[in-house]
Amino acid sequence: MTTVFTRVDERLGEFALRPLDPDADAALLHGWVTHPKAAFWLMQDADEAQVAEEYRRIAGHPHHDAYLGLWRGSPAFLAERYDPAHVELVGLYDHQPGDVGMHFLCAPGGTPVHGFTRAVIGTVMAWLFDDPTARRVVVEPDVRNTAVHALNAAVGFTVVGPIAKPEKDALLSVCTRAQFQAAADGAAADRTAATDGAATRTEGAPA
């Protein structure tokens, strides 16, 4: 299936997204969304048929779509894009023109890869902002999901505040194009400084 977006991470290589096939990808997704690490995805008890049904529903929705993320050509994450004026956040926040909603889920893996999740969310954000009509990304993770709150902050999100959704208490956060770019530039500067520092260390000197 044709990829719709590709980004090369300077350390981890190529990331890409392709449209999700609800039936062909159902078995793979079932293993991801029912894994204990995906508890906040709220599909722990779903069987494979229910996973396929849910993503067929998303595929047929005019304001919601899903994509399979690839890392070096292999399936590695899931990304969803939605219009918060019609899905998830209707009547729950101050919607602005150009808002786009996002969910992402990394595949449960074996040996952790340093910086992988950060590279995934960076890829998803770059993909969303590749659309010139997108002005702001909106997310609503569970208030208890502290790990994703930290990731969101790292790529430029600011917290608006808690909101009550039917399925969870969520922490509404937003990120403008400028905020995302500033966070990316800051991370690049930090990596450059770290590399320069390592290159100029005196052998035997403290790190």
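Conventions we followed
- Residues numbered from 1 in each chain as written.
- Predicted model: local features only at pLDDT ≥ 70, side-chain atom pairs only at ≥ 80, totals over all residues.
- Heavy atoms only, no water.
- 1 Å grid on protein atoms, 1.4 Å probe; cavity = no way out; pocket = protein on both sides within 12 Å on 5 of 7 lines; lining within 4 Å.
- Points joined across faces, edges and corners; volume = space filled by probe spheres on them.
- Helix = DSSP H or I, 4+ residues; strand = E, 2+ residues; numbered from the N terminus.
- Salt bridge = Lys/Arg side-chain N within 4 Å of Asp/Glu carboxyl O.
- Buried < 20%, exposed > 50% of the residue type's maximum accessible area, 1.4 Å probe, protein only.
- Expected span 1.5 Å × (residues − 1).
- Axes fitted to C-alpha atoms, helices over the stretch in contact; angles between N-to-C directions.
- Parallel < 35°, antiparallel > 145°, perpendicular 65-115°, else oblique.
- Contact = heavy atoms within 4.5 Å.
- Pairing = 2+ DSSP bridges.
- Right-handed = clockwise from strand over helix to strand, strands pointing away.

Q: What is the right way to look at the layout of surface pockets in this model?
A: The space that makes up the largest pocket amounts to roughly 1,300 Å³. Lys37, Trp41, Phe104, Leu105 and Cys106 are the residues nearest the centre of the largest pocket, which is lined by 47 residues in total. Those elements that place two or more of their residues in the lining of the largest pocket are helix H2 (48–59), strand S3 (64–71), strand S4 (74–82), strand S5 (99–106), helix H3 (116–129) and helix H4 (146–154). Counting residues per element, the lining of the largest pocket draws most heavily on S5, at five residues.

Q: Could you clarify how one ought to interpret the pattern of salt bridges in this entry?
A: Charged atoms that come close allow side chains of opposite charge to pair. Tallied over the full model, the rule gives eleven salt bridges. Across the salt bridge formed by Asp9 and Arg7, the nearest N and O atoms sit 3.4 Å from each other. Given the relative accessible area of 14%, Asp9 is considered buried. With a shortest N-O distance of 2.8 Å, Arg81 and Asp65 are connected by a salt bridge. With Arg81 in strand S4 and Asp65 in strand S3, this residue pair connects regions lying 16 residues apart in the sequence. Since its relative accessible area comes to 24%, Arg81 is described here as partly exposed.

Q: Is there a simple way to think about H3 in this case?
A: Since one α-helical turn is 3.6 residues long, residues separated by three or four positions face the same way. A rise of 1.5 Å per residue sets the reference length of H3, with its 14 residues, at 20 Å; its end C-alpha atoms lie 20 Å apart and thus fit the reference within 8%. Of all 14 residues in H3, twelve are buried; the element is thus mostly enclosed. Burial in H3 covers these residues: Phe116, Ala119, Val120, Ile121, Gly122, Thr123, Val124, Met125, Ala126, Trp127, Leu128 and Phe129.

Q: Help me understand the packing of helix H1 (residues 26–33) against H2 in this model?
A: Relative orientation and spacing of two packed helices are given, respectively, by the angle between their axes and the distance between those axes. With their axes 9 Å apart at the nearest point, H1 and H2 run at an angle of 105° to one another. Classed by the angle they form, the pair H1 and H2 counts as roughly perpendicular. Facing H1, whose interface residues are Ala26, Ala27, Leu29, His30 and Val33, H2 presents Glu48, Val51, Ala52 and Tyr55.

Q: Got a minute to help me understand the pairing of strand S6 (residues 136–139) in this structure?
A: Residues of S6 alternate between two faces, with Arg136 and Val138 on one and Val137 and Val139 on the opposite face, all of them buried. In terms of strand pairing, S5 meets S6 through three bridges, oriented parallel. Among the inter-strand pairings, Val100 is bridged to a residue of S6, identified as Val137. Traced from S5 through H3 to S6, the parallel crossover comes out right-handed. With four bridges joining them, S6 and strand S8 (residues 169–176) adopt antiparallel strand pairing. The residue bridging Val138 from the neighbouring strand is Val174, located in S8.

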